[in-house]
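As a plain string of letters, each chain reads:
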Amino acid sequence: MFEFTQEQLAIQELVRDIAQGPIKANAERIDKTGAFPKENIDLLTEAGITQLTIPEEFGGTGMDDEIAKAIAVAEIARTCASTAEIIDVHYLGTDILMRRGTEEQKAKYLPEAAAGKLAGFALTEPGAGTDASGQKTRAVKDGSDYIINGAKCFISNLGPEEGNHFICVAVTEPGIGAKGTTAFLVDRSMPGLSCGKVEDKMGIRGASVSELILEDVRVPETAIIGGIGNGVRTALEGLDGGRIGIASQACGVAYGALDEAIKYSGERIQFGKPINANQGIQWYLAEMKAQADMAWLLTLRAAALRQAGKPCTVEAALAKWKAAEAAGTCVDLALQIHGGYGYMKDYPIERMYRDARILRIYEGTSEAQKMVISRALLKK
Ligand SMILES: Cc1cc2nc3c(=O)[nH]c(=O)nc-3n(C[C@H](O)[C@H](O)[C@H](O)COP(=O)(O)OP(=O)(O)OC[C@H]3O[C@@H](n4cnc5c(N)ncnc54)[C@H](O)[C@@H]3O)c2cc1C
């Protein structure tokens, strides 16, 4: 676990080249315009990264490796958190499809996912955030079909050029909480499925977040994924992997902030010398390195456990919580090292500071991660 394999190193080098080249060059524009970074996704698909873990028989790269996935997301996030988020959510939707999908579902959606048509994940509703059991979206049986009505909020990858298919949780048996929910595979070609309000966000501005509206969406029984009554369970099982993805994203942001801090502190002259000649600044850099490495080790542990097929819910929650905090500390220190210039949009750290804030919120807030960890400690 402490040394990457040759294959993992090759993925790191491949993604690093793209992330430090074109993705980095596009990052400021994407933040300013809020436009979907299609060119980045196309580059990552050409390089086999969007489809990294999808089996070759479905057109993917066939690299069954959670650590490689973490490496890819971290390298992208090092220069563009928006692009990392898009890929990460795609990995989450694809992972659930690969683990829980029927052969028919895989045959239909995996080749599309491998070709760069993005997957999404639709669990959150206005009244069901941290408490996922509060779902109101309703799926009612009608012959051999289900008719779904409801609205999801804050759904990533839903813009017009973006998501193709979504894992969507709905209530099939009201009144019994999470056990009355079922996950369905819905796709944007289905009549009645539409994108509502597109949110105007503080950060990760190139990664869209919108309302997913379902009005009399008719789906066949074969759209059920993970079994009837297992909706929230299927989503939470997926979120173990998703949280490792967000942790990887957070590590990338932390290392990216350190990159910027090292660069700027060597260039900025005050009192006749670079500011990094001061021990105070050097200690900030050391603190950032420690935070980022601790977060990365927690993330790799969780990824290794998931890869081995072992339980990793607590380890994923620990990694997500602590990596998000590490990213927050690193962007804050890096901005401090930039002084007043760090507060201006001329330097990437201003964007990174805004991008980092979401890491403590989505795919379960830091408080939610602490709930997962403490419940396991107390065996509740
Ligand atoms: C940019 C973005 C992208 C997103 N993408 C997706 C997506 O693709 N798919 C999807 O399904 N969702 C997505 N989400 C939703 C995200 O996962 C939720 O916002 C998150 O889970 C928190 O839910 P909430 O916003 O309703 O907050 P709430 O649950 O209302 O929480 C508000 C505050 O109360 C705290 N809190 C709640 N309950 C407790 C408790 N029991 N004990 C202590 N504190 C508590 C929370 O930690 C938080 O600080 C996205 C959100 C954002 C902002």
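Just above, that's the structure.
This section reports on the structure supplied with the text. Being a predicted model, the structure only gives us computed values, none of them experimental.

Trans is the common state for peptide bonds, and a negative phi is the common state for residues other than glycine. Positive phi is not limited to glycine here, since Phe154 has a value of about 55°. For Phe154, the location among the structural elements is in strand β3 (residues 145-156). On the basis of neighbour counts, which here come to 19 C-beta atoms within 10 Å, the residue Phe154 falls in the partly exposed class. Residues other than glycine seldom take positive phi values, yet Phe271 does so here, at roughly 55°. Residue Phe271 is classed as exposed on the basis of its C-beta count, with 8 C-beta atoms lying within 10 Å.

Another point: the site of the ligand. What surrounds the ligand is a group of 21 residues, the closest being Gly129, Thr130, Ser156, Thr365 and Glu367. Mapped by element, the contributors of at least two residues to the shell around the ligand are β1 (118-122), β3 and α10 (366-378). Across the shell around the ligand, the residue classes tally to 11 nonpolar, seven polar and three charged. Composition of the shell around the ligand by domain shows at least three residues from each of domain 2 (120-230) and domain 3 (233-378).

So, about the nonpolar core. Phe184, Ala250 and Ala254 are the most contacted members of the largest nonpolar core, which totals 121 residues. Those residues within four positions of Phe184 in sequence are excluded, and the remaining contacts are Ala139, Tyr146, Ile148, Cys168, Ala170, Val219, Ala223, Ile224 and Ile225.

Direction vectors running N to C along helix α8 (residues 313-338) and helix α9 (residues 348-357) enclose 155°, while the axes themselves pass 9 Å from each other. Taken together, the axes of α8 and α9 lie roughly antiparallel to each other. By crossing handedness, the relation of α8 to α9 is classed as left-handed. Of α9, the residues touching α8 (which contributes Ala327, Gly328, Val331, Ala334, Leu335 and His338) are Ile349, Met352, Tyr353 and Ala356. Within the contact of α8 with α9, the residues separate by chemical class into eight nonpolar, two polar and no charged.

Moving on: the pairing of strand β5 (residues 181-187). With seven of seven residues buried, β5 lies mostly within the body of the structure. Every second residue of β5 is oriented toward a common face, with Thr181, Ala183, Leu185 and Asp187 on one face and Thr182, Phe184 and Val186 on the other, all of them buried. In this sheet, β5 lies alongside strand β4 (residues 163-171) in antiparallel orientation, the contact comprising seven bridges. Across the sheet, residue Ile167 finds its bridge partner in β5, namely Leu185. Examined bridge by bridge, β5 and strand β8 (residues 224-225) share two bridges and lie antiparallel to one another. Within β8, the position partnered with Ala183 by the bridge is Ile225.

For helix α5 (residues 103-114), built from 12 residues, the straight-helix expectation of 16 Å at 1.5 Å per residue is met to within 8% by its first-to-last C-alpha distance of 16 Å. Listed in full, the buried residues belonging to α5 are Tyr109, Leu110, Ala113 and Ala114. Down the axis of α5, the smallest arc covering the buried residues is 135°, so these residues share one side. Opposite the buried face of α5, at more than 90 degrees from it, the exposed residues are Glu104 and Ala107. Those residues of α5 that are buried lie in contact with α4 (81-100), β1, β4 and β5.

Basis of the calculations
- Residues numbered from 1 in each chain as written.
- Predicted model: local features only at pLDDT ≥ 70, side-chain atom pairs only at ≥ 80, totals over all residues.
- Helix = DSSP H or I, 4+ residues; strand = E, 2+ residues; numbered from the N terminus.
- Buried ≥ 20, exposed ≤ 12 C-beta atoms within 10 Å, placed from the backbone.
- Near = placed C-beta within 6 Å.
- Nonpolar A, V, L, I, M, F, W, Y, C, P; charged D, E, K, R; others polar.
- Domains from an automatic or database assignment.
- Core = buried A, V, L, I, M, F, W, Y, C linked by C-beta atoms within 7 Å.
- Contact = placed C-beta atoms within 7 Å.
- Axes fitted to C-alpha atoms, helices over the stretch in contact; angles between N-to-C directions.
- Parallel < 35°, antiparallel > 145°, perpendicular 65-115°, else oblique.
- Left-handed = near helix turned anticlockwise from the far one by under 90°.
- Pairing = 2+ DSSP bridges.
- Expected span 1.5 Å × (residues − 1).
- Arc of directions from axis to C-beta.

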